[in-house]
Amino acid sequence: MEDEKTHCSDGEGCRRILEAAESLFADKGFDAASMNAIAARAGISKANIYHYFPNKDALYLAVLRAASSNLRALLAEAVASHGSVTEVLRHFAKAHLEALLERPQLVRLVWREVLEKGAPRAREVAEQGFAGVFSALVDILVLGQERGELRRDFDPALVASLLIGANVFFFQARDILRHYPQVHFADDPAAYDEGLMDLLLRGLEAVHGGQSNPVR
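Residues numbered from 1 in each chain as written. Predicted model: local features only at pLDDT ≥ 70, side-chain atom pairs only at ≥ 80, totals over all residues. Heavy atoms only, no water.

**Student:** Just to check I follow, could you spell out the packing of aromatic side chains for this structure?
**Tutor:** Any two aromatic rings considered together are summarised by their centre-to-centre distance and by the angle between their planes. Following the criterion strictly, the structure yields 6 aromatic pairs and no others. Seen in terms of ring centroids, Tyr52 and Phe53 are 6.2 Å apart; in terms of plane orientation they differ by 55 degrees. Their pairing is tilted. On the accessibility criterion, Tyr52 (23% relative accessible area) is partly exposed. Among the aromatic residues, those joined into a ring-pair cluster are Phe25, Phe30 and Tyr60. The ring of Phe30 has Lys56 lying over it, and the distance from NZ or CZ to the ring centre is 4.7 Å. In this structure, Arg121 is placed above the aromatic ring of Phe30, and the distance from its NZ or CZ to the ring centre is 4.9 Å. (Phe/Tyr/Trp six-rings, centres within 6.5 Å; stacked < 30°, edge-to-face > 60°. Buried < 20%, exposed > 50% of the residue type's maximum accessible area, 1.4 Å probe, protein only. Lys NZ or Arg CZ within 6 Å of the ring centre and 35° of its normal.)

Listed below in structure tokens is the structure:
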């Protein structure tokens, strides 16, 4: 069970701590960002940080949880705004890629931590950060199968991995893709996700009366 001190409310002090920590972790890396520097950036005492977080690891995981919470909110918004599962998936794919591109330093920090520290950090990132978003996306795909909108003969977790993985690839490879003469979507993330979801949904949608549902 997580230590209660790893949670803080939505108060102004907590918000400043998380924002300062995210900024410094992203700019300097986890190891180089000191609690003193985070306190100074947040404009509070270091003792106040320890009031909420017992150590720097707990603060780092809280930053991940905050980022994950934002993604879960995007998915919830997609569910609330769209009736069909296919439209929910389109909306989430676009919003997810936008979220990656808006916070590039944080995304790179997460990958750097996982690559450098291996399995223990990867487990923390999954359990404390983004497993909830992944599970919610899988649930949406299962709902589509149960409603008859999507085929029942695919693994929802595999499809969720493909969708998220395709967006992460675009985020990581965008600067390289710009130099491929055949690529015309490197500077148009919305077009990339639209094309991606067209292809993905053509393979996922249930067939009714010998024809699949239109993807639009």
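**Student:** Explanation requested: the pattern of salt bridges in the structure shown.
**Tutor:** Per the stated rule, a full pass over the model turns up 13 salt bridges. One salt bridge connects Arg178 with Asp175, and the closest N-O pair in it is separated by 2.4 Å. With a relative accessible area of 37%, Arg178 lands in the partly exposed category. Judged by its relative accessible area of 51%, Asp175 is exposed. What emerges from the salt-bridge pattern is a single network uniting Glu12, Arg15 and Glu19. (Salt bridge = Lys/Arg side-chain N within 4 Å of Asp/Glu carboxyl O.)

**Student:** Could you clarify how one ought to interpret the side chain of Asp193 in this entry?
**Tutor:** Looking at the element boundaries, Asp193 is found in helix H9 (residues 189-204). For the buried Asp193, which has no salt bridge, the nearest side chain bearing the opposite charge is Lys94, at an N-O separation of 8.0 Å. Apart from residues lying up to four places away in sequence, Asp193 is in contact with Ala93, Lys94, Leu97 and Asn167. (Helix = DSSP H or I, 4+ residues; strand = E, 2+ residues; numbered from the N terminus. Lys, Arg positive; Asp, Glu negative; His and termini not counted. Contact = heavy atoms within 4.5 Å.)

**Student:** Help me understand the side chain of Gln145 in this model?
**Tutor:** Assignment of secondary structure puts Gln145 in helix H7 (residues 119-147). A distance of 3.1 Å separates a polar side-chain atom of Gln145 from the backbone oxygen of Phe154. Non-local contacts of Gln145, meaning those with residues more than four positions away in its chain, are made with Leu150, Arg151, Arg152, Asp153, Phe154 and Pro156. (Polar contact = N/O pair within 3.5 Å; in protein donor to acceptor, adjacent residues only side chain to side chain.)

**Student:** Is there a simple way to explain the environment of Val125 in this structure?
**Tutor:** For Val125, the position within the fold is in helix H7. The class of Val125 is buried, set by a relative accessible area of 9%. Through-space distance from the C-alpha of Val125 to that of Val159 is 20 Å; in sequence the pair is 34 residues apart. Not counting residues within four places of it along the chain, the set of residues in contact with Val125 comprises Tyr60, Leu64, Val110, Val114 and Phe130.

**Student:** I'm lost on the confidence of the model for the chain in this one. Help?
**Tutor:** Should the pLDDT be low somewhere, the predicted coordinates at that spot are not to be read in detail. Averaged over every residue, the pLDDT of the chain is 85; the share at 70 or more is 90%. Within the chain, strand E2 (residues 211-212) has the poorest average pLDDT of any element, 48, and helix H8 (residues 156-177) the best, 95. Note on residues 1-6: pLDDT is under 50 here. Beyond four places in sequence and across chains, it has 14 contacts. (pLDDT = per-residue confidence, 0-100.)

**Student:** What am I meant to see in the nonpolar core here?
**Tutor:** Where a protein is soluble and globular, its nonpolar side chains tend to be buried together. Within the largest apolar cluster, 36 residues are counted, with the highest numbers of intra-cluster contacts made by Leu89, Leu141, Met197 and Leu204. Contributing elements (two or more residues each) for this core: helix H4 (56-81), helix H5 (85-102), H7, H8 and H9. In terms of residue count, the dominant contributor to this core is H8 (9 residues). Discounting chain neighbours no more than four positions away, the residues touching Leu204 are Leu141, Leu150, Arg151, Phe154 and Val159. (Core = buried A, V, L, I, M, F, W, Y, C linked by side-chain atoms within 4.5 Å.)

**Student:** Would you mind going over helix H2 (residues 35-42) with me for this structure?
**Tutor:** Spacing of three or four residues puts side chains on the same side of an α-helix, whose turn is 3.6 residues. Residues of H2 that are buried include every one of Met35, Ile38, Ala39 and Ala42, and no others. Buried residues of H2, seen end-on, are gathered within an arc of 100 degrees and therefore sit on one face of the element. In this structure, the buried side of H2 is in contact with helix H1 (12-28), helix H3 (46-52) and H4. Two residues or fewer after H2 comes Gly43, characterised by a positive phi angle close to 75 degrees. (Arc of directions from axis to C-beta.)

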